[in-house]
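So you can see what is in the structure, the chains are spelled out below.
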Amino acid sequence: MATDSWALAVDKQESTTDSVSLNSDRSFTCHSCLLEDKAAQSLLNKMIHTSLVNTTNQVEVLQRDPNSPLYSVKTFEELRLKDKLLKGVYDMGFNRPSKIQENALPMMLAEPPQNLIAQSQSGTGKTAAFVLAMLSHVDPTNKWAQCLCIAPTYELALQTGKVIEQMGKFYPEVKLAYAIRGNKLDRGAKLQEQIVIGTPGTVLDWCSKLKIINPKKISVFVLDEADVMIATQGHQDQSIRIQRMLPKECQMLLFSATFEDSVWKFAERVVPDPNIIKLKREEETLDTIKQYYVLCSDKEEKFTALCNIYGAITIAQAMIFCHTRRTAGWLAAELTKEGHVVALLSGEMTVEQRAAIIERFREGKEKVLVTTNVCSRGIDVEQVSVVINFDLPMDKYGNADNETYLHRIGRTGRFGKRGLAVNMIDSKHSMNILNQIEEHFNKKINKLDTDDLDEIEKISN
Ligand SMILES: Nc1ncnc2c1ncn2[C@@H]1O[C@H](COP(=O)(O)OP(=O)(O)OP(=O)(O)O)[C@@H](O)[C@H]1O
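Every value quoted in this text rests on a predicted model; they were computed, and no experiment measured them.

With that settled, the discussion passes to the site of the ligand. Surrounding the ligand, one finds 20 residues, the nearest of these being K46, R96, S122, G123 and T127. A distance of 3.1 Å is found between an oxygen atom of the ligand and a backbone nitrogen or oxygen belonging to T124. Its free accessible area being 630 Å², the ligand has 86% of it covered by the protein chains. No other element matches the three residues that helix α5 (residues 126–137) contributes to the shell around the ligand.

For the rest of this paragraph, the subject is the packing of helix α4 (residues 99–109) against α5. Running from N to C, α4 and α5 cross one another at 25°; their axes reach a closest spacing of 10 Å. Relative to α5, α4 is oriented roughly parallel. Helix-helix and strand crossings are classified by hand; for α4 and α5 the assignment is right-handed. Taken together, the residues of α5 that come into contact with α4 (itself represented by I100, Q101, L105, M108 and L109) are K126, A128, A129, F130, L132, A133, S136 and H137.

Here we come to the packing of aromatic side chains. Enumeration over the complete set of coordinates arrives at six aromatic pairs. Judged by centre distance (4.9 Å) and plane angle (80°), the ring pair of F259 and W264 falls under edge-to-face. Overall, F259 belongs to the partly exposed group, its relative accessible area being 21%. A network of ring pairs unites the aromatic residues F303, W330 and F390 as a single cluster. The ring of W144 has K217 lying over it, and the distance from NZ or CZ to the ring centre is 4.0 Å. Taking NZ or CZ as reference, K302 lies 5.0 Å from the ring centre of F390, over its face.

Another aspect to go through is the nonpolar core. For soluble globular proteins, nonpolar side chains are generally found buried alongside one another. In terms of nonpolar packing, the biggest core is built from 83 residues, with M108, L116, M134 and I195 touching the most fellow members. In terms of residue count, α5 provides more of this core than any other element does, eight residues in total. If near-sequence neighbours (up to four positions away) are discounted, I195 is found in contact with M134, L135, V138, C147, I164, V174, K175, L176 and A177. Residues I117, W206, C207 and I276 belong to the second largest nonpolar core, which totals 34 residues.

With that settled, the discussion passes to the sheet that holds strand β8 (residues 275–279). Across a sheet, paired strands are connected by hydrogen bonds in the backbone, their directions being either parallel or antiparallel. The strand order β1-β8-β2-β7-β6-β3-β5-β4 describes an open sheet built from eight strands, whose pairing is mixed. The two strands at the open ends of the sheet, each matched to only one other strand, are β1 (59–62) and β4 (176–179). Taking each pair of neighbouring strands and ignoring which way they run, the sheet shows an average axis angle of 15°. Of the pairings in the sheet, the one linking strand β6 (residues 220–223) to strand β7 (residues 251–256) comprises four bridges and is parallel in character.

Bringing the sheet that holds strand β17 (residues 446–447) into the picture now. With parallel pairing, the seven strands of this open sheet are ordered in space as β12-β13-β11-β14-β16-β10-β17. Since the sheet does not close on itself, it has two edges, and those belong to β12 (342–345) and β17, each with one partner. Summarising the sheet, strand β10 (residues 289–295) and β17 pair through two bridges and their orientation is parallel. Bridged to Y292 within β17 is N446. Each of β11 (318–322), β12 and β13 (368–372) is contacted by helix α12 (residues 325–337), which is oriented at about 160° to β13, the strand it contacts most. Most of the contacts of helix α13 (residues 351–362) go to β12, to which it runs at about 150°, and overall it touches β11, β12 and β13.

With respect to the element layout, Q119 can be found in strand β2 (residues 116–120). C-alpha separation for the pair Q119 and V351, spaced 232 residues apart in sequence, amounts to 24 Å. Apart from the residues lying within four places of it in its own chain, the contact partners of Q119 are I100, S256, A257, T258, F259, I277, K278 and L279. Side-chain polar atoms of Q119 contact the backbone oxygen of A257, separated by 3.5 Å.

Here the UniProt feature "short sequence motif: Q motif" (unreviewed entry) sits at residues 74–102. In residues 74–102, the share of helix is 45% and the share of strand is 0%. The end C-alpha atoms are 6 Å apart.

Another point: the pattern of salt bridges. The tally for this structure, following the rule as stated, stands at 14 salt bridges. Residue E60 pairs with K280 through a salt bridge whose shortest N-O separation is 3.3 Å. With E60 in strand β1 and K280 in the loop between β8 and β9 (284–285), the pair connects residues that are 220 residues apart, well separated along the chain. Its salt-bridge partner being E334, residue K337 comes within 2.9 Å of it at the nearest N-O pair. Of this pair, K337 and E334 are both found in helix α12, three residues apart, which corresponds to roughly one turn of the helix. The class of K337 is exposed, set by a relative accessible area of 65%. Looking at E334, the relative accessible area reads 18%, which means it is buried. Sharing partners across several salt bridges, the network here consists of K74, R96 and E102.

Rules of the game
Residues numbered from 1 in each chain as written. Predicted model: local features only at pLDDT ≥ 70, side-chain atom pairs only at ≥ 80, totals over all residues. Heavy atoms only, no water. Near = heavy atom within 4 Å. Polar contact = N/O pair within 3.5 Å; in protein donor to acceptor, adjacent residues only side chain to side chain. Areas by Shrake-Rupley, 256 points an atom, 1.4 Å probe, with all protein chains shown as cover. Helix = DSSP H or I, 4+ residues; strand = E, 2+ residues; numbered from the N terminus. Axes fitted to C-alpha atoms, helices over the stretch in contact; angles between N-to-C directions. Parallel < 35°, antiparallel > 145°, perpendicular 65-115°, else oblique. Left-handed = near helix turned anticlockwise from the far one by under 90°. Contact = heavy atoms within 4.5 Å. Phe/Tyr/Trp six-rings, centres within 6.5 Å; stacked < 30°, edge-to-face > 60°. Buried < 20%, exposed > 50% of the residue type's maximum accessible area, 1.4 Å probe, protein only. Lys NZ or Arg CZ within 6 Å of the ring centre and 35° of its normal. Core = buried A, V, L, I, M, F, W, Y, C linked by side-chain atoms within 4.5 Å. Pairing = 2+ DSSP bridges. UniProt positions renumbered as here; feature names shortened; annotations may be inferred. Salt bridge = Lys/Arg side-chain N within 4 Å of Asp/Glu carboxyl O.

Dropping the structure here:
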């Protein structure tokens, strides 16, 4: 995926939201935008999660055969891994299996092989789990492809490839091939590498048209990021075509960060007789958040209100959400003029640039992060105590986007710190959205007079 095409997708998305107020009936779906948006989110999350995301939720396990004993492990030793692999695991700094790995690893390493559908949020250890399973299954003396893993995009495939290389560092006999665009092989050439990671189109070509991989010899098939994969119909079809070429006894594993119905339907088509492991995301609530709204007439007044808030209370770190990247850029420049150290997440940035900015903000190097929703969707920055909705979140029909509102300002039970959210209202339409949000969450949002310094001071107590 070229950088510019990504930026273009964001542009397209933002132009959609831009047009909402002009033509609220307009319904717009852009499948390639959806894929790129979802894929970029996944990639960002991968880059940001340099350590495990812990949740207090319990893992739910649904066994295909409820009578067989349910194994879970608390240490990597219990898995009886090859020394070379155990060394690789410890070299990555893993001391013990993550919550999802405790159940998924014994299931994936069982004999006879078990099929698995696993769902848990980004950063909970899914990739590490299936990489370990693939490396364990490989017979390095056999010089042909044995494990096949497909990912929705070139970049996501590269990321997973890196994990395979890292974990297999002390097991150099096992080789990895990338079935991605640009990696041209001649028709009929036979792959020597035991593990193949790639995107569905290229993998399908290698299996069928070019016959570089013999699909009948594949014993482990992994479908990663299923929720991103299904964002394009083409990918779904290709994945299913690949799966159909594999032998019946091939172990099928499917992973997803989310589990909406469409993912579920797809998963059931790709993974026969599955065991299922789910780790729910922690619920966010608005219980510990103080919410206010400020009445303004235009964006300049919103900016003045923002400055008044900054002048009256101490804000450790704030995230400010704007509708379009034009507004975000303007606001970041104005705040910078006022002497704030501002980070801006903007549509034309590459995923790498975004990850770097989010990382700096998480480290506290910048105190204000201005962003559009498209840029920051799916990103968790939990330490932020103040959220400003410079523009309220709305869907493509111009209605309140309650889910996004909750995600922007909500807190999980564990991060139950008190928070403050201020909503800027500058039109009948935005007031209407605010009312819809109040109604949806059954919570009153109080008015704040930002010309009254005493009143602002009170909200920080
Ligand atoms: N058992 C473990 N102990 C410590 N760190 C781990 C463990 N397993 C994985 N990690 C690390 O935690 C981070 C997230 O893990 P991983 O990428 O496997 O999660 P994921 O669920 O696949 O996320 P995504 O859905 O974004 O791909 C990585 O930096 C990984 O190296």
